[in-house]
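Each chain is listed here by its residues.
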Amino acid sequence: MSAALVLSTEIANARTRFDGLVSPDRSKDADVIAFRKHLQILGKLAQSLEREVQIYRLCEAGKTGREVVEQLAAEAAAAFILKSDGNVIRPDFGRKS
């Protein structure tokens, strides 16, 4: 199976292939220049979108991690709860009456 495709990389590859197809005498044509700029803008937009998705995924993973840690902490705290046998613990401050 092939590696996962990345939109910004594929747009950059398309731009490179387009540059190879255009003859040197046509490379200064206004339409060619406009199309190159359009591909460049699409590449930048794709990079921004990829970063946004990556941040969203990290936030979701952090949320899941926090929920797991909270659950484990609650279970650990439940193990430390003192048994209430009716015993009263009185502090000893050194004074005896």
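Here the structure is a predicted model, which is why all the values come from computation and not from measurement. (Residues numbered from 1 in each chain as written. Predicted model: local features only at pLDDT ≥ 70, side-chain atom pairs only at ≥ 80, totals over all residues. Heavy atoms only, no water.)

A.B. asks: Residues and numbers for the overall build of the protein chain, please.
C.D. replies: Scanning the protein chain from N- to C-terminus turns up two helices and zero strands. The buried share among the 97 residues of the protein chain stands at 10%. (Helix = DSSP H or I, 4+ residues; strand = E, 2+ residues; numbered from the N terminus. Buried < 20%, exposed > 50% of the residue type's maximum accessible area, 1.4 Å probe, protein only.)

A.B. asks: Which residues make up the pattern of salt bridges, and what are the values?
C.D. replies: Enumeration over the complete set of coordinates arrives at two salt bridges. Between R36 and D19 there is a salt bridge, with its nearest N and O atoms 2.5 Å apart. Here R36 is found in helix α2 (residues 30-80), whereas its partner D19 is found in helix α1 (residues 7-21), with 17 residues between them in sequence. In this structure, R26 engages D29 in a salt bridge whose closest nitrogen and oxygen atoms are separated by 3.1 Å. Judged by its relative accessible area of 46%, R26 is partly exposed. (Salt bridge = Lys/Arg side-chain N within 4 Å of Asp/Glu carboxyl O.)

A.B. asks: Describe the side chain of S27, and please don't skip the residues or the numbers.
C.D. replies: Note on placement: S27 falls in the loop between α1 and α2. Judged by its relative accessible area of 18%, S27 is buried. Engagement of the side chain of S27 in a polar contact is seen with the backbone oxygen of P24, the distance being 2.8 Å. When sequence neighbours within four positions are dropped, the list of residues in contact with S27 reads V22, V32, I33 and R36. (Polar contact = N/O pair within 3.5 Å; in protein donor to acceptor, adjacent residues only side chain to side chain. Contact = heavy atoms within 4.5 Å.)

A.B. asks: Quick rundown of the environment of L45? Include the residues and the values.
C.D. replies: Along the chain, L45 turns up in helix α2. With 38 residues separating them along the chain, L45 and L7 place their C-alpha atoms 9.8 Å apart.

A.B. asks: Which residues make up a nonpolar patch on the surface, and what values do they have?
C.D. replies: A contiguous nonpolar patch, built from L7, L49 and V53 and spanning about 250 Å² of accessible area, is present on the exposed surface. Tracing the backbone shows L7 in helix α1. (Patch = residues over 30% accessible without salt bridge, like charges linked within 9 Å, V, L, I, M, F, W, Y side chains within 5 Å. Areas by Shrake-Rupley, 256 points an atom, 1.4 Å probe, with all protein chains shown as cover.)

Read these as geometric descriptors, not functional statements.
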